[in-house]
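Read off the chains here:
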Protein chains: 2
Amino acid sequence: MIDVVLLGTGNIATYLFEAFSTSNKIRILQVYNHSQASLTPFKEKVSTTIFLEKLKKADLYILAVKDDVIPKMAAALSNLNGLVVHTSGAVSLEALKQCQHSGVFYPLQTFSKAIPAHHRDIPFCLETERQEDLELLKTIVHKIGGKAYQVTSGQRKKLHLAAVFVCNFVNHLYAIGEEICLINEIPFEILQPLILETAQNLSHASPRKLQTGPAKRNDLATIQTHLKSISNKEHKEIYQLLTHAIQTDYGKKL
Amino acid sequence: MIDVVLLGTGNIATYLFEAFSTSNKIRILQVYNHSQASLTPFKEKVSTTIFLEKLKKADLYILAVKDDVIPKMAAALSNLNGLVVHTSGAVSLEALKQCQHSGVFYPLQTFSKAIPAHHRDIPFCLETERQEDLELLKTIVHKIGGKAYQVTSGQRKKLHLAAVFVCNFVNHLYAIGEEICLINEIPFEILQPLILETAQNLSHASPRKLQTGPAKRNDLATIQTHLKSISNKEHKEIYQLLTHAIQTDYGKKL
């Protein structure tokens, strides 16, 4: 049995709480948050506390809290014997240096409380100082159906940057697509099969090989028609920059 | 039985050929292309021709050819009694005005010969002058498991523009993500569950509600760290522009 204390009550903590509850090899002993109100959804299911000094003895303490809080909290956990890990893409392992045993347990997925946590196959980026701690984290990942990757702090920061491009920025392009549909009284659902296919195709081939569209084939007439039809200044700038980037990449400059 | 002549041998024509072959209510009478060589993959399965004057009598002629060829070919098909449609997102119905009966049959999906045509649920944007022609196209869409939408030429052009944002530009962001991974010796597959989830979440909520990341939460420290770590000039410009666009949209300017 692996005993876990969860620190935090946000999207990642909520997901981990649910995922761990599905395994009979992982026991959540306690959930911590500095605010009593945030603990409400957990109170009926598990022991909770608002005091860092009252954390129970566990094998693993998971800091699922905001990036800037991590070093402060780590300092307060320096007397614990168990492994202390954080779940951030952007914070280095170094931030936990005051803990006796430290690691990173970063689930590379987008979590929203509004959407059911049906996720499996979530990639976890793991980093520890000791090999035995890495084995513990790997075991937990496998128990909840995730996929474990050993990733250094340097690599993790790059991965976090890449995730901004492929998730946050991509979602903004979806929002622009939706806006164009709304203004023109077209149901956004028409675009959704295309969006899904574009994402799913990555399991067949590299995005470089999958690039299509007017910029890739240097179809200047269509590009000009599109630019004329965009009234939103920011959308136009994004169209121009991404078109230029694709043309440059595929050897056809404007 | 609906008799069809297919003009063109590219990705869309190949997809339609395969999709129609699965229905016993649609019969492909003939495939046309101006080049004999391009017809090779079809020759064993169906009658082919390189002469527009030798097209068979059919209910429907589908022009699955490059946008700029459509008006020229339409002029050569002015004596046909059947319905002549094109499959382009960017060309208006007007381009077929020399045909006796004309329409648009635009499948809003990304097609690649390299990837199996397992597609169903493909949205088809339909436009015709006569109601009976619209019914014919709707029947065909349903027979091949697609979804029919009646869309005007004006709406279709906007939809084509939106598709550039949510498919072509999105794919370029995937390519940037892959490049960051390659340079840092990280397997790109780590990002793929996140990419899929970001696309699939659109069936639960609007992208505006799903926006996450440093730009959305105005996390200036992470944004600065990211900008410092990007050496590629074009990637940096894209990061800046999209970050600024998200900040503007969510009311937090730089």
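These numbers were taken from a predicted model, which means no experiment stands behind them.

Rules behind the numbers
Residues numbered from 1 in each chain as written. Chains lettered and ligands numbered in written order. Predicted model: local features only at pLDDT ≥ 70, side-chain atom pairs only at ≥ 80, totals over all residues. Heavy atoms only, no water. Helix = DSSP H or I, 4+ residues; strand = E, 2+ residues; numbered from the N terminus. Buried < 20%, exposed > 50% of the residue type's maximum accessible area, 1.4 Å probe, protein only. Contact = heavy atoms within 4.5 Å. Pairing = 2+ DSSP bridges. Axes fitted to C-alpha atoms, helices over the stretch in contact; angles between N-to-C directions. 1 Å grid on protein atoms, 1.4 Å probe; cavity = no way out; pocket = protein on both sides within 12 Å on 5 of 7 lines; lining within 4 Å. Points joined across faces, edges and corners; volume = space filled by probe spheres on them. Nonpolar A, V, L, I, M, F, W, Y, C, P; charged D, E, K, R; others polar. Phe/Tyr/Trp six-rings, centres within 6.5 Å; stacked < 30°, edge-to-face > 60°. Lys NZ or Arg CZ within 6 Å of the ring centre and 35° of its normal. Right-handed = clockwise from strand over helix to strand, strands pointing away. Buried area = accessible area lost by both parts, 1.4 Å probe. Salt bridge = Lys/Arg side-chain N within 4 Å of Asp/Glu carboxyl O.

J.: Explain the overall build of chain A to me, and be specific about the residues and the numbers.
T.: Counting secondary structure elements, chain A contains 9 helices and 8 strands. Referenced to the eigenvectors of the C-alpha coordinate spread, the extents of chain A come out at roughly 65 × 35 × 30 Å. The buried share among the 254 residues of chain A stands at 57%. Expressed as a percentage of contacts within chain A between residues at least 6 apart in sequence, the contacts between residues at least 24 apart total 52%.

J.: Describe the sheet that holds strand S3 (residues 47–49) of chain A, and please don't skip the residues or the numbers.
T.: All names here are of chain A. Strand order in this open sheet of 8 strands is S3-S2-S1-S4-S5-S6-S7-S8, and the pairing throughout is mixed. Only two strands of the sheet have a single neighbouring strand rather than two, namely S3 and strand S8 (147–150). Averaged over all pairs of adjacent strands, the angle between their axes in this sheet comes to 25°, without regard to strand direction. Lying over the sheet, helix H5 (residues 153–183) contacts strand S5 (83–86), strand S6 (101–107), strand S7 (123–128) and S8, oriented at roughly 150° with respect to S7.

J.: Before we move on, can you summarise empty space enclosed by the protein with the specific residues and values?
T.: Residue and element names in this part refer to chain A. Evaluated as defined, the whole model comprises 3 cavities of 30 Å³ or more. Its volume calculated, the largest cavity comes out at about 90 Å³. For the lining of the largest cavity, the leading source of residues is H5, giving 3 residues. Partitioned by chemical class, the residues of the lining of the largest cavity number 2 nonpolar, 8 polar and no charged.

J.: An account of the packing of aromatic side chains is requested, with residue identities and associated values reported.
T.: Here a ring pair, both rings aromatic, is described through the centre-centre distance and the interplanar angle of the planes. Under the definition given, this model contains 10 aromatic pairs over all chains. With centroids separated by 4.7 Å and ring planes inclined at 35°, the aromatic side chains of Phe105(A) and Phe124(A) adopt a geometry described as tilted. Of this pair, Phe105(A) sits in strand S6 while Phe124(A) sits in strand S7, and the two are 19 residues apart along the sequence. Just as Phe105(A) is buried, Phe124(A) falls in that class too. Through a chain of ring-to-ring contacts, three or more aromatic side chains come together here, namely Phe165(A), Phe169(A) and Tyr239(B). Its guanidinium or amino end placed over the ring of Tyr250(B), Arg208(B) lies 4.9 Å from that ring's centre, counting from NZ or CZ.

J.: Summarise the pairing of S5(A); cite the residues concerned and give the values.
T.: Residues and elements named next belong to chain A. Neither face of S5 is open: one carries Leu83 and Val85, the other Val84 and His86, and all of them are buried. For the crossover that starts at strand S4 (residues 60–63), traverses helix H3 (residues 70–76) and ends in the parallel S5, the hand is right-handed. Note: S5 against S6, 4 bridges, orientation parallel. Directly across from Leu83, in S6, lies its bridge partner His101.

J.: An account of the interface of chain B and chain A is needed here, citing residue identities and associated values.
T.: It is common to give the size of an interface as the accessible area that goes away when the parts come together. The partner chain A presents 82 residues to the 82 residues of chain B that form the contact. Each partner contributes to the roughly 8,200 Å² buried at the junction of chain B and chain A, and carbon and sulfur atoms together form 70% of this total. Taken together, the connections running from chain B to chain A amount to 2 salt bridges. With a shortest N-O distance of 3.5 Å, Glu189(B) and Lys147(A) are connected by a salt bridge. Every element with two or more residues in the side of chain B that touches chain A is listed here: strand S7 (123–128), strand S8 (147–150), helix H5 (153–183), helix H6 (192–200), helix H7 (207–210), helix H8 (220–229) and helix H9 (233–249) of chain B. Ranked by the residues each element gives to the side of chain B that touches chain A, the list is headed by H5(B), at 24 residues. Counted by class, the side of chain B that touches chain A contains 43 nonpolar, 28 polar and 11 charged residues.

J.: I'd like a description of the pairing of S4(A), backed by residues and values.
T.: All names here are of chain A. Residue alternation in S4 divides its side chains into two sets, Leu60 and Ile62 and Tyr61 and Leu63, and both sets are buried. Relative to S5, S4 runs parallel, the two sharing 4 bridges. What sits directly across from Ile62, in S5, is Val85.

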